[in-house]
Amino acid sequence: AQSVTQLGSHVSVSEGALVLLRCNYSSSVPPYLFWYVQYPNQGLQLLLKYTSAATLVKGINGFEAEFKKSETSFHLTKPSAHMSDAAEYFCAVSDQGNAGNMLTFGGGTRLMVKP
Amino acid sequence: NAGVTQTPKFRVLKTGQSMTLLCAQDMNHEYMYWYRQDPGMGLRLIHYSVGEGTTAKGEVPDGYNVSRLKKQNFLLGLESAAPSQTSVYFCASNYGDRVNYGYTFGSGTRLTVV
């Protein structure tokens, strides 16, 4: 079964600093990969997705992620954190050939941004 | 632009009571899903549906039932609630087209079983 590991359940950065949220997956075949963001008391919103095209994927709000097959990773980055980036972030994967388009989620990383 | 609407938003149940959570989407999506979210565990799939009249089990289906009688609605039922079912429940939907892949999520139902 597919699994997703997000290193660090909590990450704290200063405003203006680099944001790096880590995601590793287990799959022998490159899957589809996603990052979602959840603001307090809201549902999840899609930040970006990798679907076998360019390995560097740009998303909304200045976030991007790089797919590295050799490292089975899909880390999320943003060059300069903003207070509004404080939220919980989820990495998710879906196997190719998954008939139900089902996503497997990581445990989530809560990002805190200090002024 | 309603998207995915979940009702109710909050509910407190006593152990053994039953209830139904309703999910409605107005995007003509084929696929719909129910997830539960627990601290540190991300979201786990309970049941899903790939079309009207079809349902299938996900990762954690025990204690839940679902129905998809109409394409736009996906109901999640708890027949006899247990404290272990205290969680935040999210409904999601998508087109089912592999290229256009993202899920649209509802805002969640926070359920407490006492």
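Report on the accompanying structure. (Residues numbered from 1 in each chain as written. Chains lettered and ligands numbered in written order. Predicted model: local features only at pLDDT ≥ 70, side-chain atom pairs only at ≥ 80, totals over all residues. Heavy atoms only, no water.)

**A word on the state of the cysteines**
Step number 1: Tallied over the entire structure, the rule returns two disulfides over all chains.
Step number 2: Sulfur-sulfur distance for the disulfide between C23 of chain A and C91 of chain A comes to 1.9 Å. On the sign convention where negative is left-handed, the bridge of C23 of chain A and C91 of chain A, at about -65° about the S-S bond, is left-handed. With C23 of chain A in the loop between β3 (19-21) and β4 (24-26) and C91 of chain A in strand β10 (residues 87-94), the pair connects residues that are 68 residues apart, well separated along the chain. When sorted by exposure, C23 of chain A lands in the same class as C91 of chain A, which is buried.
Step number 3: The residue that forms a disulfide with C23 of chain B is C91 of chain B, at a sulfur-sulfur distance of 1.9 Å. Between C23 of chain B and C91 of chain B the sulfur-sulfur dihedral comes to about -75°; the bridge is accordingly left-handed. Here C23 of chain B, found in strand β3 (residues 19-25), pairs with C91 of chain B, found in strand β9 (residues 87-94); they are 68 residues apart in sequence, far enough to count as distant. Each of the two residues, C23 of chain B as well as C91 of chain B, counts as buried. (Disulfide = S-S within 2.5 Å. Helix = DSSP H or I, 4+ residues; strand = E, 2+ residues; numbered from the N terminus. Buried < 20%, exposed > 50% of the residue type's maximum accessible area, 1.4 Å probe, protein only.)

**Structural notes on the interface of chain A and chain B**
Step number 1: Taken together, the 25 residues of chain A in the interface contact 25 residues of chain B.
Step number 2: For the pair chain A and chain B, the two sides together bury roughly 1800 Å², of which 53% comes from carbon and sulfur.
Step number 3: The largest contributions to the chain A side of the interface with chain B come from N101, M102 and F105 of chain A, which together make up 30% of the buried area.
Step number 4: Our count for the contact surface shared by chain A and chain B stands at zero salt bridges. (Contact = heavy atoms within 4.5 Å. Buried area = accessible area lost by both parts, 1.4 Å probe. Salt bridge = Lys/Arg side-chain N within 4 Å of Asp/Glu carboxyl O.)

**Comments concerning the packing of aromatic side chains**
Step number 1: Applying the stated criterion across every chain yields a total of 18 aromatic pairs over all chains.
Step number 2: A ring pair is formed by F63 of chain A and Y89 of chain A, whose centres lie 5.5 Å apart and whose planes are at 45°; its orientation type is tilted. Remark: Y89 of chain A occurs in strand β10 and F63 of chain A occurs in the loop between β7 (56-58) and β8 (64-68); sequence separation between them is 26 residues.
Step number 3: The exposure class assigned to F63 of chain A is buried, which follows from its relative accessible area of 3%.
Step number 4: Note on Y89 of chain A: relative accessible area 0%, which makes it buried.
Step number 5: Taken together through their ring pairs, the aromatic side chains of F34, Y36, F90 and F105 of chain A together with Y33, Y35, Y48, F90, Y103 and F105 of chain B make up a single cluster. (Phe/Tyr/Trp six-rings, centres within 6.5 Å; stacked < 30°, edge-to-face > 60°.)

**A few points about the pattern of salt bridges**
Step number 1: Enumeration over the complete set of coordinates arrives at six salt bridges over all chains.
Step number 2: Among the ionic pairs, D85 of chain A bridges to K78 of chain A, the shortest N-O distance being 2.8 Å.
Step number 3: Given the relative accessible area of 2%, D85 of chain A is considered buried.
Step number 4: Relative accessible area serves as the criterion here: at 10%, K78 of chain A is assigned to the buried category.
Step number 5: The partner of R36 of chain B in a salt bridge is D38 of chain B, with the nearest N and O atoms 2.9 Å apart.
Step number 6: A relative accessible area of 11% places D38 of chain B in the buried class.
Step number 7: Put simply, R36, D38 and R44 of chain B are held in one network by salt bridges that share partners.

**Some points on the side chain of D85 of chain A**
All names here are of chain A.
Step number 1: Its location among the elements puts D85 in the loop between β9 (73-78) and β10.
Step number 2: A polar side-chain atom of D85 sits 2.8 Å from a polar atom in the side chain of K78.
Step number 3: Apart from residues no more than four positions distant in its own chain, D85 is found in contact with F63, K78, S80, L111 and V113. (Polar contact = N/O pair within 3.5 Å; in protein donor to acceptor, adjacent residues only side chain to side chain.)

**Details of the sheet that holds strand β8 (residues 73-78) of chain B**
Two modes of strand pairing occur in sheets, parallel and antiparallel, and in both the strands are linked by backbone hydrogen bonds.
Residue and element names in this part refer to chain B.
Step number 1: The antiparallel open sheet is built from four strands, whose spatial order is β1-β3-β8-β7. Bordering the open sheet on either side are β1 (4-7) and β7 (64-67), each of which pairs with just one other strand. Along the sheet, successive strands turn relative to each other by an average axial angle of 20°, direction set aside. (Pairing = 2+ DSSP bridges. Axes fitted to C-alpha atoms, helices over the stretch in contact; angles between N-to-C directions.)

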